Amino acid sequence: MTNELSRRTVVRGAAWAMPAVVVAAPAPAVAASTAPLTFTGSACKLPGGSSDTYKGYVFEIVVTTPGGSEDTVTVITGVTVNGVSEPHYAVSVKSGACTCSSCGGAPSNHQWCTPGTAGTQRVLLYTDGGASNTSANGEVCVTYVRYRCDCSPVVGGSQPVTICSGSRSTPPLTGGGGACRITDVFPLPA
């Protein structure tokens, strides 16, 4: 009797090992799909003369309530455009506002309140684009923290969280044959 491994034994062992890898691989995609903030895929270039502060992009974000009826505050702590930190950004709530106080010491145009009963909420993120020095199609990444109305952190999951839009076509808002699908970009936030 020999102690050599046959090809059949190796293949049988590999067959048992494969499903564990295949089953484990989709888990991150499932986790990412349940994030409280997600990009819708709509993004536009802002006209160069529209504002002294925002000459870059506007990205549409959907906020999902964390469950229950508790209002929450989302505070954006950082934004990058095409991998470059963007110091000038602001948000504008387009649906489902509420009245929680400001949290985290961030400027009021870097945070917003989401009503717990909203289900989803629509928010626009405006960036300057000056730091990245480009007006080409872009990817924006947002780092954020979520709080309860009393400014205690929302429990469940690690914070801060970073989400990225992926490289997006950013057609001009007006002129140039643009096909921007965001209809309520104006007025720009302060």
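Please read all numbers here as calculations on a predicted model, not as lab measurements.

**Considering the state of the cysteines**
- Enumeration over the complete set of coordinates arrives at 4 disulfides.
- Covalently, Cys 141 is tied to Cys 164 through a disulfide, its sulfur atoms 2.0 Å apart. Taking the torsion about the S-S bond as the criterion, the Cys 141 to Cys 164 disulfide, at about 110°, is right-handed. Of the two residues, Cys 141 is situated in strand β8 (residues 140–148) and Cys 164 in strand β9 (residues 161–164); the sequence distance between them amounts to 23 residues.
- Relative accessible area serves as the criterion here: at 14%, Cys 141 is assigned to the buried category.
- Using a relative accessible area of 41% as the deciding quantity, one classes Cys 164 as partly exposed.

**Re the pattern of salt bridges**
- Applying the stated criterion across every chain, the model contains 3 salt bridges.
- Note that Arg 122 and Glu 60 form a salt bridge whose closest N and O atoms lie 2.4 Å from each other. Taken together, the residues span a long stretch of sequence, with Arg 122 in strand β7 (residues 120–127) and Glu 60 in strand β2 (residues 57–64) at a distance of 62 residues.
- Across the salt bridge formed by Arg 122 and Asp 184, the nearest N and O atoms sit 2.6 Å from each other.

**A closer look at the confidence of the model for the chain**
- Residues with a pLDDT of 70 or more make up 66% of the chain, whose mean pLDDT is 73.
- When the criterion is pLDDT under 50, residues 6–34 qualifies, and its contacts beyond four places in sequence or with other chains add up to 1 contact.

**So, the environment of Thr 72**
- Inspection of the secondary structure assignment puts Thr 72 in strand β3 (residues 72–81).
- With 28 residues separating them in the primary sequence, Thr 72 and Cys 100 have C-alpha atoms 7.4 Å apart.
- At 3.0 Å, the side chain of Thr 72 forms a polar contact with the side chain of Arg 146.

**Quick look at the sheet that holds β2**
- Taken together, the 4 strands give an open sheet; going across it, the order is β1-β2-β7-β5, and neighbouring strands pair in antiparallel fashion. The outermost strands of the open sheet, each flanked by one partner alone, are β1 (37–45) and β5 (89–93). Strand after strand, the sheet turns through a mean of 25° between neighbouring axes, direction not considered.

The rules we used
Residues numbered from 1 in each chain as written. Predicted model: local features only at pLDDT ≥ 70, side-chain atom pairs only at ≥ 80, totals over all residues. Heavy atoms only, no water. Disulfide = S-S within 2.5 Å. Helix = DSSP H or I, 4+ residues; strand = E, 2+ residues; numbered from the N terminus. Buried < 20%, exposed > 50% of the residue type's maximum accessible area, 1.4 Å probe, protein only. Salt bridge = Lys/Arg side-chain N within 4 Å of Asp/Glu carboxyl O. pLDDT = per-residue confidence, 0-100. Contact = heavy atoms within 4.5 Å. Polar contact = N/O pair within 3.5 Å; in protein donor to acceptor, adjacent residues only side chain to side chain. Pairing = 2+ DSSP bridges. Axes fitted to C-alpha atoms, helices over the stretch in contact; angles between N-to-C directions.

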